[in-house]
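In case you want the letters, here they are:
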Amino acid sequence: MSQEIKHKENDTRGMFYLEDEKGITSELTYTKKDNGVLVIDHTETRSELEGKGLASILLKRSVEYARENNYKIDPLCPFAEVKFDEHKEYRDVLAS
């Protein structure tokens, strides 16, 4: 399975995702606020692939993206919130 992280966004929404021959395997979606904050509002992984760390890969990429583009992240989705608590190194991009 390819682990190439794909990204698409428009003015207000975006998503990072992974896919295989059957389609999307895992996705993380966000809303872009005017104040430079990305609100992570949803993560989902295909049920048979849960627990393999795919959403964590996408969350890590979203943190890198925020750093590269001077965004902050509001981890609204419960998964992202837990991961931000676990990973102290993500704190630099946490929206206050």
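In this text, all values refer to a predicted model and were calculated from it rather than measured experimentally. (Residues numbered from 1 in each chain as written. Predicted model: local features only at pLDDT ≥ 70, side-chain atom pairs only at ≥ 80, totals over all residues. Heavy atoms only, no water.)

### Points about the pairing of strand β1 (residues 6-9)
Right, on to step 1. Examined bridge by bridge, β1 and strand β2 (residues 13-20) share 4 bridges and lie antiparallel to one another. Paired with His7 across the two strands is Phe16, which belongs to β2.
Right, on to step 2. In textbook terms, the turn of a hairpin is the stretch between consecutive antiparallel strands, and for β1 and β2 this stretch comprises 3 residues. (Pairing = 2+ DSSP bridges. Helix = DSSP H or I, 4+ residues; strand = E, 2+ residues; numbered from the N terminus.)

### Regarding the sheet that holds strand β4 (residues 37-45)
Right, on to step 1. A sheet is described by the order of its strands in space; here 5 strands give the open sequence β1-β2-β3-β4-β5, paired in mixed fashion. Each having just a single partner strand, β1 and β5 (72-75) make up the two edges of the open sheet. On average, adjacent strands in this sheet sit at an angle of 25° to one another, irrespective of strand direction.
Right, on to step 2. Helix-sheet contacts for helix α1 (residues 54-68) involve β1, β2, β3 (23-32), β4 and β5, and the interaxial angle to β3 is about 35°.
Right, on to step 3. Packing of helix α2 (residues 78-86) onto the sheet brings it into contact with β4 and β5, and relative to β5 it is tilted by some 115°. (Axes fitted to C-alpha atoms, helices over the stretch in contact; angles between N-to-C directions. Contact = heavy atoms within 4.5 Å.)

### Quick notes on the packing of α1 against α2
Angle between the axes and distance between the axes are the two parameters that describe a pair of packed helices.
Right, on to step 1. It is the contact of α1 with α2, at a shortest axis distance of 11 Å, that shows an interaxial angle of 70°. Considering the angle they form, α1 stands roughly perpendicular to α2. Counting all contacts with α1, which are made through Ala55, Ser56, Leu59 and Val63, the residues of α2 involved are Phe79, Ala80, Lys83 and Phe84.
Right, on to step 2. Classifying every residue of the contact of α1 with α2 gives 6 nonpolar, 1 polar and 1 charged. (Parallel < 35°, antiparallel > 145°, perpendicular 65-115°, else oblique. Nonpolar A, V, L, I, M, F, W, Y, C, P; charged D, E, K, R; others polar.)

### Regarding the side chain of Lys32
Right, on to step 1. Relative to the helices and strands, Lys32 is located in strand β3.
Right, on to step 2. At 3.2 Å, the side chain of Lys32 forms a polar contact with the backbone oxygen of Asn10.
Right, on to step 3. Contacts of Lys32, omitting those with residues within four sequence positions, involve Glu9, Asn10, Asp11, Thr12, Val37, Leu38 and Tyr71. (Polar contact = N/O pair within 3.5 Å; in protein donor to acceptor, adjacent residues only side chain to side chain.)

### What about α1?
Turn by turn, an α-helix covers 3.6 residues, leaving residues three or four places apart pointing in a common direction.
Right, on to step 1. Taking 1.5 Å of rise per residue, the 15 residues of α1 would be expected to cover 21 Å, and the 21 Å separating its terminal C-alpha atoms lies within 8% of that figure.
Right, on to step 2. Within α1, the full set of buried residues consists of Leu54, Ala55, Leu58, Leu59, Ser62, Val63, Tyr65 and Ala66.
Right, on to step 3. Those residues of α1 that are buried lie in contact with β1, β2, β3, β4, β5 and α2.
Right, on to step 4. Count one or two residues on from α1 and you reach Asn70, which has phi positive near 60°. (Expected span 1.5 Å × (residues − 1). Buried < 20%, exposed > 50% of the residue type's maximum accessible area, 1.4 Å probe, protein only.)

### Overview of the side chain of Ser62
Right, on to step 1. Inspection of the secondary structure puts Ser62 in helix α1.
Right, on to step 2. Residue Ser62 is classed as buried on the basis of its relative accessible area of 2%.
Right, on to step 3. Those residues in contact with Ser62 that lie beyond four places of it in its chain are Phe16, Leu28, Ile40 and Ile73.

### A look at the nonpolar core
Right, on to step 1. Judged by nonpolar contacts, the single largest core of 19 residues is most densely connected at Leu28, Tyr30, Ile40, Leu59, Ile73 and Phe84.
Right, on to step 2. Counting only elements with at least two residues in this core, the list comes to β2, β3, β4, α1 and α2.
Right, on to step 3. Here this core gets 6 residues from one element, more than from any other, and that element is α1.
Right, on to step 4. Setting aside anything within four residues of it in sequence, one finds Leu59 in contact with Leu28, Ile40, Ala80, Lys83, Phe84 and Tyr90. (Core = buried A, V, L, I, M, F, W, Y, C linked by side-chain atoms within 4.5 Å.)

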